[in-house]
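Commentary on secondary and tertiary structure
Spelled out from the first residue to the last, the chains are:
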Amino acid sequence: MNSLLERIEQVREKIKKSAAKGGNPPEQIKLVVVTKTVCADVVKQAIECDVQDVGENRIQDFLEKQKSINKKVNWHFIGHLQSNKVKFLINNVSLIHSLDRESLANEINKQGKLANYKFNCLVQVNVSGEASKFGISPENVEDFLVKLSGMEYINVQGLMTMAPFEDDTEDTRYVFERLRNLKFKLEGLDIPRIELKYLSMGMSNDYQVALEEGSNMVRIGSEIFGHIGGNNYEKVLV
Ligand SMILES: *Cc1c(COP(=O)(O)O)cnc(C)c1O
């Protein structure tokens, strides 16, 4: 009972239901399985369950796991990215979710140019305004996108946000609603080269609400792997 496959299937079922409420076709929702708490063997098991997108938040883990997992999946970088680490993602990353400042954009564009590699990125937006969160504040996103529009080696593909953790997930709804509305507004501006096809919002605690508000990319870790990290997890799981 409660095998990895069953847990993933449960999440997929819940995604289907909530996506429909949010008006998105369920098959268009991307599930990014966040593997930051588990070792490469468990990531491989998840990939056997037909997982196509995995997310890591530390460069070291990202690179190590990618190296030891010789399978074709999309690798998402979801954590805070230090500028001096950008070069390690050349040729390696499907999507960076955490483009959150101009200095990072400059470095990504510079490294991309040197390597002739275009980085797919989401702009991280700090909707809740919490000091502890990274991200561009909503009122500055437009200017930031205009700057990114001129950066040839950055392909903007959408927006990402993290809601505050709330016991009552209804309290997160405004965050997702605001980002969705911001996306609509920005799309209307038709900024050259800026594509806003992804709204990456929703984690284990709040993805159903996020989907109801129009998210089409969710990042789920603990609901699938539990809260126990590292190699121990395998013992708990089976
Ligand atoms: C860890 C993490 C997640 C997954 O969080 P869970 O609550 O474990 O589902 C999603 N997004 C980011 C940016 C993370 O760091």
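All of these numbers come straight from a predicted model, not from anything done at the bench. Every chain begins its residue count from 1, and numbering advances along the sequence as written. Local features are withheld for residues below a pLDDT of 70 in this predicted model, meaning they are given only at 70 or higher, and side-chain atom pairs are given and counted only at 80 or more; totals for whole chains, interfaces and linings count all residues. Side-chain measures here rest on the full set of heavy atoms in the structure, leaving out hydrogens and waters.

A closer look at the layout of surface pockets
Any residue with an atom within 4 Å of a point lines the site, the site being either a cavity, points on a 1 Å grid over the protein atoms alone where a 1.4 Å probe fits but cannot get out, or a pocket, an open set with protein on both sides within 12 Å along at least 5 of 7 lines. Grid points are joined across faces, edges and corners, and a volume is the space filled by probe spheres set on the points. For the largest pocket, the calculated volume is near 720 Å³. Lining the largest pocket are 31 residues, with Lys 36, Asn 57, Ile 78, Met 162 and Met 203 sitting closest to its centre. Any residue outside Ala, Val, Leu, Ile, Met, Phe, Trp, Tyr, Cys, Pro, Asp, Glu, Lys and Arg is labelled polar, Gly included; the first ten of those are nonpolar and the last four are charged. Along the lines of polarity and charge, the residues of the lining of the largest pocket split into 12 nonpolar, 12 polar and 7 charged. Here the second largest pocket is characterised by a volume of approximately 420 Å³. If you go around the second largest pocket, you meet 14 residues; those closest to its centre are Arg 12, Ile 29, Lys 30, Leu 31 and Gln 52. For helices the rule is a DSSP run of H or I covering at least 4 residues; for strands it is a run of E covering at least 2, with both sets numbered from the N terminus onward. If you list the elements that add at least two residues to the lining of the second largest pocket, you get helix 1 (4-22) and strand 1 (30-34). Take the lining of the second largest pocket: its biggest share by element is 4 residues, from helix 1. Taken together, the residues of the lining of the second largest pocket sort by class into 5 nonpolar, 2 polar and 7 charged.

Details of the side chain of Thr 172
Turning to its location among the elements, Thr 172 is positioned in the loop between strand 6 (154-160) and helix 6 (173-187). In this analysis, two residues are considered to be in contact whenever any of their non-hydrogen atoms come within 4.5 Å of each other. Not counting the four nearest positions on each side in its chain, Thr 172 is found in contact with Ala 163, Pro 164, Glu 166, Asp 206 and Val 209.

A few points about unusual backbone geometry
Unlike most non-glycine residues, Asn 91 shows phi in positive territory, near 70 degrees. In this structure, Asn 91 sits in the loop between strand 3 (74-77) and strand 4 (95-99). Any residue under 20% of the maximum accessible area for its type is buried, any over 50% is exposed, and the rest in between are partly exposed; the area is computed with a 1.4 Å probe on protein chains only. Given the relative accessible area of 59%, Asn 91 is considered exposed. In this structure, Asn 116 takes a positive phi of about 50 degrees despite not being glycine. Structurally, the position occupied by Asn 116 is in the loop between helix 4 (102-115) and strand 5 (119-124).

Looking at the site of the ligand
Residue proximity to a molecule or strand is established when one non-hydrogen atom of the residue lies within 4 Å of it. The ligand sits among Val 34, Lys 36, Ile 78, Met 162, Met 203, Ser 204, Arg 219, Ile 220, Gly 221 and Ser 222. What qualifies as a polar contact is a pair of N or O atoms within 3.5 Å, subject to a donor-acceptor requirement within protein and to the restriction that residues adjacent in sequence count only when both atoms come from side chains. Contact distances for the ligand include 2.8 Å between an oxygen atom and a side-chain N or O atom of Lys 36. In this structure, Ser 222 approaches the ligand through a main-chain N or O atom, which is 2.8 Å from an oxygen atom. Taking 390 Å² as the accessible area of the ligand by itself, protein coverage stands at 86%. Criterion for pocket placement: a molecule counts as inside a cavity or pocket if more than half of its atoms are within 2 Å of its grid points. When atoms are counted within 2 Å of each cavity's grid points, the one that captures over half of the ligand is the largest pocket. Of the residues belonging to the shell around the ligand, the class tally is 5 nonpolar, 3 polar and 2 charged. Exposure was quantified through the Shrake-Rupley algorithm and a 1.4 Å probe, taking into account, for residues, occlusion by the shown protein chains and nothing else.

With respect to helix 2 (residues 40-48)
Turning to helix 2, its buried residues are Ala 40, Val 42, Val 43, Ala 46 and Ile 47. Looking straight down helix 2, one finds its buried side chains confined to an arc of 160 degrees; they lie on one side. As used here, the arc belongs to the directions running from the helix axis to the C-beta atoms.

A look at the side chain of Lys 65
Here Lys 65 is to be found in helix 3 (residues 59-68). For Lys 65, the residues in contact, after removing those within four places along its chain, are Thr 35, Lys 36, Val 38, Ala 40, Val 43, Glu 56 and Trp 75.

Quick notes on the pattern of salt bridges
Salt bridge, as used here: a side-chain nitrogen of Lys or Arg that lies within 4 Å of a carboxyl oxygen of Asp or Glu. If you walk through the whole model with that rule in mind, you get 16 salt bridges. In this structure, Glu 56 and Lys 65 form a salt bridge, with 2.9 Å as the shortest nitrogen-oxygen distance. Since its relative accessible area comes to 0%, Glu 56 is described here as buried. A residue is classified by how much of its surface remains accessible, and Lys 65, at 8% relative accessible area, is buried. A salt bridge links Glu 130 to Lys 133, with the nearest nitrogen and oxygen atoms 2.9 Å apart. Residue classification places Glu 130 among the partly exposed positions, given a relative accessible area of 25%. A network of salt bridges, in which partner residues are shared, links Lys 21, Glu 170, Arg 173, Arg 180, Glu 212 and Glu 213.

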